[in-house]
Structures are given as structure tokens and as C-alpha cells.
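Residue strings, one per chain:
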Amino acid sequence: MATPLRSFLVGAARLAVPRSSHSSIASRPILRPRTSLVQTAHRWAQPAFANAARSFHSSPAALHGGKGRPKPGEGVTLHFKRANGEVTTVEANVGDDIVDVSWEYDLDIEAACEKSVACSTCHVILEEDVYDKLEEPDDDENDMLDLAFGLTDTSRLGCQVKVTKDMDGTTITLPSATRNLRVDGSKPTPH
Ligand code: FES
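Because the structure is a prediction, the values reported are computed rather than measured.

1. Details of the environment of Asp-143
Here is step 1: Turning to its location among the elements, Asp-143 is positioned in helix H5 (residues 139–145).
Here is step 2: A tally of 14 C-beta atoms within 10 Å means that Asp-143 is categorised as partly exposed.

Given below as C-alpha cells:
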């Protein structure tokens, strides 16, 4: 007699196998329903999202901000230059990224996707010698940089640039405009 569990397993197996291959249930091994259903759903979802999907980077929430401000005189000095020529000088920790520094000092970097490499609102322009010492941007970063206003040869996404000792005294230029994916123009707050 068919038990509810067996009925479920058979039903799941039928769902997971294309109609054309439905011959005899008895001639096929019973598939594990959880795996089969997930795989089937994933396969069905692929065409609809194939072009729209982007991989989002993630990191533990505890790592989303920087280490705060270093003790005066112990950090890496960075000059942030706005499009209007104003310069703000700050001290940053080695290892923090430029968005961390921006959040710490409330600089004009939107970072709308909160470092998910899904926007270009953390676009910064580096000095050539600093740019040359960094690792090449990866494909995700390059894709987003292509969307940035005022792209230059030394443009990077600030969330992908970690502060190093070599940067001491460098000037980081903020572009005059960015494309904000938040329709209300709001900036995220660090967490
Ligand atoms: S914050 Fe969106 S890509 Fe850097």
C-alpha cells in the first residue's frame, strides 16, 4: 500500500524528470526529493534570470565598517579632493577600504550598494603611482567602473581599494558625479 511518504517521493521524482522520459516509474531509481526539486527549480529559473543576474559579494556584517579612527599620528594620511577643489585630510587604518574611511569621516562617497560591487557610486580617482601598486580590478569591478561618470585611467571602486602604508600622503579625487542606484538619492549608513 502506498504510504504518504512514498507518494511524495514518487511525485517529486515525476516532477524532476522531463515528460519525454516518463516511461515506467519502476524502471527508474527513486530520486531524493529535496535535491531533485531544488535542481529542477534552479534549471527552470535559469532562462528568466540568465541575463539579469549578478553575483553579489557578501561578507559578515561585523566586517562592514572599518576599524574606526587610528590614534592621531599613527594612521595613513589621505587627502580627499572634491570636484570643487575642497580637500579634506584624514588619517586611516591600514587594511580599511576607502569606503570605510569615507563612512568614518562622512566624506562624499555614496557607496549605495554597501560594497556589494553592484554600483559605481564609490568611484574614486587615484594618483598614478598608487594605482600602479594595486592589484588589477577584477571583472565585477570593471563592469561597474564602465558605468561610472568621468572614468579615468586610474579610476577604482573605493570599496575595493584597501589602504596601505604606500598611500601615505596621497590625494584621492572624488568625481563630480556618480550614478546612484537608490532612487531617493539616500546614502547607506555603516553597520
Ligand atoms: S559601494 Fe557599490 S561598488 Fe563600491
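2. Remarks on the pairing of strand E1 (residues 76–81)
Here is step 1: Only one face of E1 is covered, namely the face carrying Val-76, Leu-78 and Phe-80; the face carrying Thr-77, His-79 and Lys-81 is uncovered.
Here is step 2: Looking at chain direction, E1 and strand E2 (residues 87–92) are connected through 6 bridges and run antiparallel. What sits directly across from Thr-77, in E2, is Glu-91.
Here is step 3: The antiparallel hairpin formed by E1 and E2 contains 5 residues in its connecting segment, where Gly-85 sits at a positive phi of about 95°.
Here is step 4: By the bridge criterion, 4 bridges tie E1 to strand E5 (residues 170–173) in an arrangement that is parallel. Directly across from His-79, in E5, lies its bridge partner Thr-171.

3. Let's talk about unusual backbone geometry
Here is step 1: The phi torsion at Lys-115 lies on the positive side, around 70°, for a residue other than glycine.
Here is step 2: The topology assignment puts Lys-115 in the loop between helix H3 (98–105) and strand E3 (123–125).
Here is step 3: When the 22 C-beta atoms within 10 Å are taken as the criterion, Lys-115 is described as buried.
Here is step 4: Despite not being glycine, Val-117 shows a phi value in the positive range, around 55°.
Here is step 5: The topology assignment puts Val-117 in the loop between H3 and E3.
Here is step 6: Residue classification places Val-117 among the buried residues on the basis of 21 C-beta atoms within 10 Å.

4. Section: the environment of Gly-66
Here is step 1: As for its placement among the helices and strands, Gly-66 is situated in the loop between helix H2 (33–49) and E1.
Here is step 2: Here Gly-66 falls in the buried class, since 21 other C-beta atoms lie within 10 Å of it.

5. So, H3
Here is step 1: Within H3, 7 of the 8 residues are buried, which leaves it mostly tucked inside the rest of the structure.
Here is step 2: All of the buried residues in H3 are Ile-98, Val-99, Asp-100, Val-101, Ser-102, Trp-103 and Glu-104.
Here is step 3: Tucked into the core, H3 has its buried residues touching E1, E2, E3 and E5.
Here is step 4: A positive phi of about 55° marks Asp-106, the residue just after H3.

6. Focus on the confidence of the model for the protein chain
Here is step 1: When pLDDT is averaged across the protein chain, the result is 75; 60% of the residues are at 70 or more.
Here is step 2: In this model residues 5–63 is a low-confidence stretch, pLDDT under 50, and it forms 29 contacts with partners more than four residues away in sequence or in other chains.

7. Examining the environment of Asp-153
Here is step 1: Checked against the element boundaries, Asp-153 lands in the loop between H5 and strand E4 (155–157).
Here is step 2: For the pair Asp-153 and Glu-128, spaced 25 residues apart in sequence, the C-alpha separation works out to 8.5 Å.

8. Looking at the nonpolar core
Here is step 1: Counting residues in hydrophobic clusters, the biggest one holds 25 residues, and the most contacted among them are Leu-78, Ile-98, Val-99 and Cys-122.
Here is step 2: Elements with a minimum of two residues in this core: E1 and H3.
Here is step 3: Here this core takes 4 residues from H3, the largest share from any one element.
Here is step 4: Leaving out residues up to four positions away in the same chain, Cys-122 has contacts with Val-99, Ile-109, Ala-111, Leu-157, Gly-158 and Cys-159.

Reading the values: rules and limits
- Residues numbered from 1 in each chain as written.
- Predicted model: local features only at pLDDT ≥ 70, side-chain atom pairs only at ≥ 80, totals over all residues.
- Helix = DSSP H or I, 4+ residues; strand = E, 2+ residues; numbered from the N terminus.
- Buried ≥ 20, exposed ≤ 12 C-beta atoms within 10 Å, placed from the backbone.
- Pairing = 2+ DSSP bridges.
- Contact = placed C-beta atoms within 7 Å.
- pLDDT = per-residue confidence, 0-100.
- Core = buried A, V, L, I, M, F, W, Y, C linked by C-beta atoms within 7 Å.

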